[in-house]
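Chains, contacts and geometry: an overview
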Amino acid sequence: MSIQMEHLDRGLAAVCTSEGIFISWRLLGQEVSAATEQGLTAADFRLYRNGVLIAEITDSTNYLDRSGSREAEYAVAAVINGEEKEQCRSIRPWETPYLEIPLQKPADGVTPAGQSYSYSANDMSVGDVDGDGEYEYIVKWDPSNAKDVSHVGYTGNVYMDCYKQNGTLLYRIDLGVNIRAGAHYTQFLVYDFDGDGKAELMFKTAPGTKVIRYEEGAPVSEAFITLLPEDEAAGYSHNDDYRMNGAAYAEHVADLFEHWHEHEEVVAGHWPVTLEECFGIAPEYSYPLSREDAVRLADYFLDVYAPSRSERNKLREFEGFILKGPEYLTVFRGETGEELKTVRYKPGRHDDGLMWGDYSWNRIEPGNRVDRFLAGVAYLDGKKPYALFARGYYTRATMAAYSWNGQELAETWYIDSGWVTMNNPFADTLHLQDGRNPGFGGLAKQGAHALSTADVDGDGCQEIIYGSATIDHDGSLLYSSGGILPEGSAAPGEYAKLGHGDALHVAVVDPDREGLQIYMVHEEGIHGPYGYTLRDAATGEVLYGGFAKEDVGRGMIGKVEPAVPGLQTWCSESHLAHEPSRGLRSAKGDQLDEQAPGTNMNIKWAADMTTQFISGTFEEPVTIEDWKQGTLLTAEGTRSNNGTKGNPCLVADLFGDWREELVVRVADSSAIRIYMNTEVTDRKLYTLMHDPQYRTGVAWQNVVYNQPCYTSFYLGTDMNWSKVPVPDLL
């Protein structure tokens, strides 16, 4: 079955080193004819310097020209069945050990509360937006006051820029005041969905979102997205500002209470009929509540009840959150930023988080669990890419899949766990596991701060690994994983879901097993059976894991012990219940070391197919570390993103051979830098971007807590080349 993938150019790049000029290029998926135990049967290459043949390379896609110079021009040509094909466009070596792309930083701003903020380049993605075979770079700009959804305060606008590799800014999309800035809000997809050879952009928008076109570095036009006709008729406009302050939120609560008797959960008998019963106080008011009584109860909730639950419940200080107003999903033309289609975001928020559980824990967080978004790309039919947009994972969980044909955004399927029933939205004691939707309820409470897309069951179509549950390619629920609570847990012997987690990896961890495995950490603590698990991706069965009394926040996999078969796994250790669970583990679950590498982000950097790790947080420079050799690269003058998470802007196989490049911002965000490994490798593998699992992984890498992407086949020092799939590309 042929699969629709990008038509990439040779990706030729050259770097000056102390030993000469390192040159690297792509082997394309369509240039591979077979996979054998010795390696891939594929195109060979001839390398030219200044038009003169200097080398014929058969065992790799890189070369060290010890006689080369900074002024030399290089080109390569593929040799297939003895016939030399056309040479690629010639290039000159980078003048620095990295490729630097200048950026146009947005101007500083001031919030309605008078607080100033500035901008930093944050998450990135890539796509060929103009069809020339070379990637363009999509940069998300985050303001310095970007916040997790559980933190109070205004944020500045989010911007999305599209840059050519030479630094030309094509356009900027200003998401406007009605899209909050933070890791959980703007999950953006860059992909060629309609197969025309040019990538589109898709992400959540709102009234106030506009596209600004640039020419020669200056803005030349701007246009707002299209409001849906029913919204325009209802009086919504691009001048609207739905951000709330404390007074507006108090009014919002009073409105909710005034209509309490009409609430669907009250009418259905799920919730108490009086607010006094909800708050555990003596009955005092008659229902329906008068406006005056609704305000009195709102004051009690804000000033007495909420603070009694947690000293952090300072709801009078509520500001900057967006609880109302239209929510859209927009498709943009990747080359120009032109709006192609805008539809309603599905599902809508429904409410301010009341039915999502935002008021039911001790920490009351309106607008939190309701505004948790995920996005991804999956080859649901095994042939073409579909866009995935989700909402919710702590309680109710939903996802919609769409196809784009260049004209219409068509819903392919929609999955919804349904509401998780509560007996009191302000102090739930039911704590049910599943949602109310028959057949899909198991999806509830299982989502992670990331997702993954992969063919887990070998049917040629990709599934969606939604944390501790997996959605089949047809929108059905393939499985929802759980286990028996052990001694030391909240209810030993009872069954519980694996639940939410902050890190998720889907790869061939154990090459002795059929298919893929899922390594994930979980934050359920004493209420969950495991703090970390390695699961069979086809069935969700736990292969090994360890119980933890509190949240296990980080987890990672990689090939760090070359002599040990398979990949290794590890996680943050402070809350693991048993000492043998600590440190580095093999693919079989055996403890290898009491220590372990870092957990921020991994990178396939080394010539021998071991895995390296990216470090550097806050004001530290970004580094690449090796478990055995220590620091391999210090990217002086650069910074990572998202505080302690230490994420680079992107890690992906952007050009050159199969190894990944590191993309990071300079300290003042005036540019991004792309670092490429210049160590010669004798491993001949096609570009990872022509493996569908890896390529869709690059598309979702920017989602929430950025996670690495992995190939559909085992990649490591002990690689079985005969099991590398030969791409069948359209």
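This paragraph deals with the overall build of the protein. Helix and strand counts for the protein stand at six helices and 48 strands. Against the 2.2 N^0.38 benchmark of 27 Å for 730 residues, the protein shows a C-alpha radius of gyration of 26 Å, consistent with a compact globule. Counting only C-alpha atoms, the protein reaches 90 × 60 × 45 Å along its principal axes. Across the 730 residues of the protein, 61% fall into the buried class. Taking the intrachain contacts of the protein between residues at least 6 apart in sequence as the baseline, contacts between residues at least 24 apart amount to 60%. A total accessible area of about 26200 Å² is found for the protein, and carbon and sulfur atoms account for 46% of it. The positive charge centre, built from 61 side chains, and the negative charge centre, built from 110, are 2 Å apart in the protein.

Attention now moves to the sheet that holds strand E21 (residues 328-333). Hydrogen bonds between backbone groups are what pair the strands of a sheet, and the pairing can be parallel or antiparallel. Pairing is antiparallel across the open sheet formed by four strands, whose spatial order is E17-E18-E21-E22. Only two strands of the sheet have a single partner each, and these edge strands are strand E17 (189-191) and strand E22 (339-344). Averaged over all pairs of adjacent strands, the angle between their axes in this sheet comes to 15 degrees, without regard to strand direction. Pairing of E21 with E22 involves five bridges; the strand directions are antiparallel. When the bridges of E22 are listed, tyrosine 328 appears paired with arginine 344.

Segmentation of the protein into domains returns domain 1 (13-98), domain 2 (100-238 + 325-345), domain 3 (246-318), domain 4 (347-479) and domain 5 (481-599). In this structure, domain 3 and domain 4 have C-alpha centres spaced 29 Å apart. Across the domain 3/domain 4 interface, buried area totals approximately 1700 Å², and carbon plus sulfur atoms make up 57% of it. For the interface between domain 3 and domain 4, the tally reads one salt bridge. For arginine 436, the salt bridge identified is with glutamate 265, shortest N-O distance 3.0 Å. Connecting domain 3 to domain 4 are 13 residue pairs in polar contact (both at pLDDT 80 or more). Sorting the residues of the side of domain 3 that touches domain 4 by element identifies helix H2 (246-258), helix H3 (264-267), helix H4 (275-279) and helix H5 (291-309) as the ones contributing at least two each.

Spatially, four strands are ordered E6-E5-E8-E9 in an open sheet, and the strand pairing comes out antiparallel. Looking at the sheet topology across the chains shown, the edges are occupied by strand E6 (52-57) and strand E9 (83-84). Note: strand E5 (residues 44-49) against E6, five bridges, orientation antiparallel. For phenylalanine 45, the partnering residue across the bridge sits in E6 and is isoleucine 57.

Glancing now at H5. A rise of 1.5 Å per residue sets the reference length of H5, with its 19 residues, at 27 Å; its end C-alpha atoms lie 25 Å apart and thus fit the reference within 8%. Along H5, the largest kink reaches about 40 degrees and is centred on phenylalanine 301. Inspection of H5 places Asp293, Ala294, Leu297, Ala298, Phe301, Leu302, Tyr305, Ala306 and Arg309 among the buried residues, and these make up the whole buried set.

Locating alanine 254 in the fold gives a position in helix H2. Considering only alpha carbons, one finds alanine 254 and glycine 418, 164 residues apart in sequence, at a separation of 27 Å. Non-local contacts of alanine 254, meaning those with residues more than four positions away in its chain, are made with Arg291, Ala294, Val295 and Ala298.

Glycine aside, negative phi is the norm for most residues, and most peptide bonds take the trans geometry. Going from tyrosine 287 to proline 288, the amide bond is cis rather than trans, its omega being 0 degrees. Note on placement: proline 288 falls in the loop between H4 and H5. Put simply, lysine 346 and proline 347 share a cis peptide bond, and its omega is -5 degrees. If you trace the backbone, proline 347 turns up in the loop between E22 and strand E23 (373-378).

This part is about the UniProt feature "domain: Rhamnogalacturonan lyase family 11 C-terminal" (unreviewed entry) in the protein. The UniProt record annotates "domain: Rhamnogalacturonan lyase family 11 C-terminal" (unreviewed entry) at residues 98-210 and 314-723. Helix and strand shares over residues 98-210 are 0% and 42% respectively, and the end C-alpha atoms of the span are 33 Å apart.

Let's shift gears to the nonpolar core. One recurring pattern in soluble globular proteins is that nonpolar side chains are buried together. Membership of the largest hydrophobic core comes to 92 residues, with the highest contact counts inside it found for Met399, Tyr466, Leu654 and Leu685. In this structure, leucine 654 is in contact with Arg26, Val126, Tyr135, Tyr137, Glu661, Val663, Ile674 and Met689, ignoring residues within four places of it in sequence. Counting residues in each nonpolar core, the second largest holds 34 residues, with Ala254, Tyr305, Ala306 and Trp419 among its members.

Here we come to the UniProt feature "domain: Rhamnogalacturonan I lyase beta-sheet" (unreviewed entry) in the protein. The positions UniProt marks with the feature "domain: Rhamnogalacturonan I lyase beta-sheet" (unreviewed entry) are residues 4-94. Counting secondary structure, residues 4-94 comes out at 0% helix and 48% strand; the distance between its end C-alpha atoms is 32 Å.

In this fold, asparagine 145 is placed in the loop between strand E14 (136-143) and strand E15 (159-163). Given a relative accessible area of 11%, asparagine 145 falls into the buried group.

The next thing to look at is the pattern of salt bridges. Inspection of the entire model under this criterion finds 52 salt bridges. For arginine 291, the salt bridge goes to aspartate 255, with nearest N and O atoms at 2.5 Å. Taken as a pair, arginine 291 in helix H5 and aspartate 255 in helix H2 lie far apart in primary sequence, 36 residues in all. Residue classification places aspartate 255 among the partly exposed positions, given a relative accessible area of 31%. Where aspartate 358 meets arginine 369, a salt bridge forms, and the shortest distance between an N and an O atom there is 3.2 Å. In this pair, aspartate 358 sits in the loop between E22 and E23 while arginine 369 sits in the loop between E22 and E23, placing the two residues 11 residues apart along the sequence. Considered together, aspartate 358 and arginine 369 belong to a single accessibility category, that of buried residues. Several salt bridges share partner residues, and in doing so they unite Lys204, Glu327, Arg349, Asp371 and Arg391 into one network.

About the cut-offs
- Residues numbered from 1 in each chain as written.
- Predicted model: local features only at pLDDT ≥ 70, side-chain atom pairs only at ≥ 80, totals over all residues.
- Heavy atoms only, no water.
- Helix = DSSP H or I, 4+ residues; strand = E, 2+ residues; numbered from the N terminus.
- Rg over C-alpha atoms; globule rule 2.2 N^0.38 Å.
- Buried < 20%, exposed > 50% of the residue type's maximum accessible area, 1.4 Å probe, protein only.
- Contact = heavy atoms within 4.5 Å.
- Areas by Shrake-Rupley, 256 points an atom, 1.4 Å probe, with all protein chains shown as cover.
- Lys, Arg positive; Asp, Glu negative; His and termini not counted.
- Charge placed at Lys NZ, Arg CZ, Asp CG, Glu CD.
- Pairing = 2+ DSSP bridges.
- Axes fitted to C-alpha atoms, helices over the stretch in contact; angles between N-to-C directions.
- Domains from an automatic or database assignment.
- Buried area = accessible area lost by both parts, 1.4 Å probe.
- Salt bridge = Lys/Arg side-chain N within 4 Å of Asp/Glu carboxyl O.
- Polar contact = N/O pair within 3.5 Å; in protein donor to acceptor, adjacent residues only side chain to side chain.
- Expected span 1.5 Å × (residues − 1).
- Bend = angle between axes of the 7 residues up to and from the residue.
- UniProt positions renumbered as here; feature names shortened; annotations may be inferred.
- Core = buried A, V, L, I, M, F, W, Y, C linked by side-chain atoms within 4.5 Å.

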